[in-house]
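# Fold and geometry: a report
The primary structure of each chain is shown beneath.
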Amino acid sequence: MAKFGDRNFTLNDIKFVREEENIHKYCPLLRAASLIGSPSCRFKSNPLDEAGCALTNGLNVDFTKSKEVSNTINALHALGFVERDNKTSHLTDKGIIFADTEYNSAEMSRIIHDAVIKYGPVVGLLSQIPSRHEKGCRFNTNDLTIGYPDTNEVAYIDGNLVKISSGSKSDSNIRTKSCLLAWLTTAGYIRPVKITPDNGSFPHMRYRNYINGAIRGERLYEIVEFPELSETEHPLSYENLTKLNSGLRERGMKEIREATMRCESLIKNRRFAIIYLLNRAYYEQNELSFGLLVILFKERPDLFLVPQYGLEDVVEREIEVAVTSGIPFDRIISNGEIYLRPLVGLNKEEASIGAPTELIKFLDSVNI
């Protein structure tokens, strides 16, 4: 806020540079000055690390790799504090208020409380908690899943059958779930049962040490307050309906990576169709037929990745992407047919960012 105000900035603009005005002037979590004569980031094992800040890393040592700073901007966008525009970002009005608000205050608690439940994966995680509307109910996080579904399908690539890597890995899902649980704890919706809270008037202060811990291994949580949910303001957009497949660089993964990337747009189309039609069903006070999805995909193999065999099984797995995206549903069986009843709606404009015009036109023409 002090550096950019309402101006646009790039990822490199916000990386740590020791010689310039940086986050060390504002961060209250720094370790006390040591032999180097200045405070350092407590989340860096080496106080001399020129990366400077675990949230962004440093420009001078991380010019091309931007994983940490990208994750930070993605998180701020999910909370509604930053808006992204191609290669630049800017603070939203909510982000400016967030940056100007004293951290240990009732206003900050309210800001966090309202922001967290606007994010699609948070809504999806909440929807899986048994007896979630009962204050005080306890749940085990092992019963919750979040991430991209693995369809276990193969595709013909240059005459060869190649397995498609469409699902996120277990360790990635665990990290994502841990982060979302920490957000919900910060916002005061849940609490880890076996953690003794610190002194503080607000959840983000009472559980600050646990939230900032290097390891959050708690499994048993309790509902403190369950939010009323009606629309997911920040669902996953079309552009974010697949994992970053260019990262598949382990030995023997080249063929899978190339095949998956060639199919990526069709996988996004298929997943977007599920989310988009579920959203239409919610606002039309309707249900979405599972069988209709199968028929639509068969009709347009040019738009959707359609396996030669087992399409129903693939769709059965793919519909779980709706939970991660922020439009969870109940499964209804009527006259032997499966129907999906969405529990909330979502922000169609944000969900559609990057979606092909032809795809949206086709989905709008579907009678559900």
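What comes next concerns the included structure. Each chain has its residues counted from 1, following the order in which its sequence is written. In keeping with the predicted nature of the model, local features appear solely for residues at pLDDT of at least 70, side-chain atom pairs appear and are counted solely at 80 or more, and the whole-chain, interface and lining totals rest on all residues. With hydrogens and water set aside, each side-chain value is computed from the structure's full complement of heavy atoms.

A count of helical and extended segments in the protein gives 13 helices and 12 strands. For 368 residues, the compact-globule estimate of 2.2 N^0.38 gives 21 Å, and the protein sits close to it at 22 Å. Each of the three principal axes of the protein carries a C-alpha extent, and together these read 70 × 50 × 35 Å. Exposure categories follow from relative accessible area, calculated using a 1.4 Å probe and restricted to protein chains: below 20% of the type maximum is buried, above 50% is exposed, and the middle band is partly exposed. When burial is assessed residue by residue, the protein has 46% of its 368 residues classed as buried. Only heavy atoms enter the contact rule, under which two residues are in contact if any of them lie within 4.5 Å. Sequence-distant contacts, at least 24 apart, represent 65% of the contacts inside the protein between residues at least 6 apart. Between the mean site of the 45 positive side-chain charges and the mean site of the 49 negative ones, the protein shows a separation of 5 Å. Only DSSP runs of H or I reaching four residues or more are called helices, and only runs of E reaching two or more are called strands; each is numbered from the N terminus. This radius of gyration counts C-alpha atoms alone. The globule rule is 2.2 Å times how many residues there are, raised to the power 0.38. Neither His nor the chain ends is counted toward charge; the positive residues are Lys and Arg and the negative residues Asp and Glu. Charge placement uses NZ in Lys and CZ in Arg. For Asp and Glu, CG and CD serve respectively.

The next subject is the sheet that holds strand β7 (residues 220-223). In spatial order, the strands read β3-β7-β6; together these three strands make up an open sheet with antiparallel pairing. Looking at the sheet topology across the chains shown, the edges are occupied by β3 (138-140) and β6 (190-192). Direction aside, neighbouring strands of the sheet carry axes that sit 30° apart on average. Note on pairing: two strands pair once DSSP finds at least 2 bridges between them. Note that β6 and β7 share three bridges and pair antiparallel. Paired with P192 across the two strands is Y221, which belongs to β7. Each of β3, β6 and β7 touches helix α5 (residues 170-187); the most contacted strand, β6, lies at about 110° to it. Axes, fitted as lines to C-alpha atoms, cover a helix only where it is in contact. Angles between the N-to-C directions of the axes lie from 0 to 180 degrees.

Bringing the pairing of strand β1 (residues 82-85) into the picture now. Inspection of the sheet shows β1 paired to strand β2 (residues 88-91) by four bridges, in the antiparallel sense. By the bridge assignment, R84 is partnered in β2 with S89. Where β1 folds back on β2, the antiparallel hairpin that results is connected by two residues, among which N86 adopts a positive phi of roughly 55°.

Once that is clear, we can look at the pattern of salt bridges. Opposite charge on two side chains lets them pair, provided their charged atoms get close. Note on definitions: salt bridges are taken to be side-chain nitrogens of Lys or Arg within 4 Å of carboxyl oxygens of Asp or Glu. Using the criterion set out here, one finds 19 salt bridges in the structure. Its salt-bridge partner being K118, residue E233 comes within 3.5 Å of it at the nearest N-O pair. With E233 in the loop between β8 (231-232) and α8 (254-283) and K118 in the loop between α3 (106-116) and α4 (120-126), the pair connects residues that are 115 residues apart, well separated along the chain. We classify E233 as partly exposed; its relative accessible area is 26%. In this structure, E318 engages R271 in a salt bridge whose closest nitrogen and oxygen atoms are separated by 2.8 Å. Here E318 is found in helix α10 (residues 311-318), whereas its partner R271 is found in helix α8, with 47 residues between them in sequence. Looking at E318, the relative accessible area reads 0%, which means it is buried.

Pairing of aromatic side chains here covers Phe, Tyr and the six-membered ring of Trp, requires ring centres within 6.5 Å, and sorts the geometry by plane angle: under 30 degrees stacked, over 60 edge-to-face, intermediate tilted. Per the counting criterion, the structure on display carries eight aromatic pairs. Judged by centre distance (4.2 Å) and plane angle (10°), the rings of F81 and F98 are stacked. Taken together, the positions of F81 in the loop between α1 (67-78) and β1 and F98 in helix α2 (residues 93-100) put the pair 17 residues apart, joining distant regions of the chain. Its relative accessible area of 5% is what places F81 among the buried residues. In this structure an aromatic cluster arises from ring pairing among Y238, F272 and Y276. Note that R300 overlies the ring of F362, its terminal NZ or CZ placed 5.2 Å from the centroid. In this analysis the charged atom, NZ for Lys or CZ for Arg, is taken to sit over a ring once it is within 6 Å of the ring centre and within 35 degrees of the ring normal.

On to α8, then. Given the number of residues in a helix, its expected span is that number minus one, multiplied by 1.5 Å. With 30 residues, α8 should cover 44 Å at 1.5 Å per step; its first-to-last C-alpha distance of 43 Å lies within 8% of that length. One axis fitted to the seven residues ending at a residue, another fitted to the seven starting there: the angle between these axes is the bend at that residue. Within α8, the axis deviates most sharply at E264, by approximately 50°.

This brings us to unusual backbone geometry. Here the phi dihedral of N57 falls at roughly 60°; this positive angle occurs in a residue that is not glycine. Inspection of the secondary structure assignment puts N57 in the segment before α1. Given a relative accessible area of 10%, N57 falls into the buried group. Of note in the backbone geometry, N335 takes a positive phi value of approximately 55° without being a glycine. Assignment of secondary structure puts N335 in the loop between β10 (329-334) and β11 (337-342).

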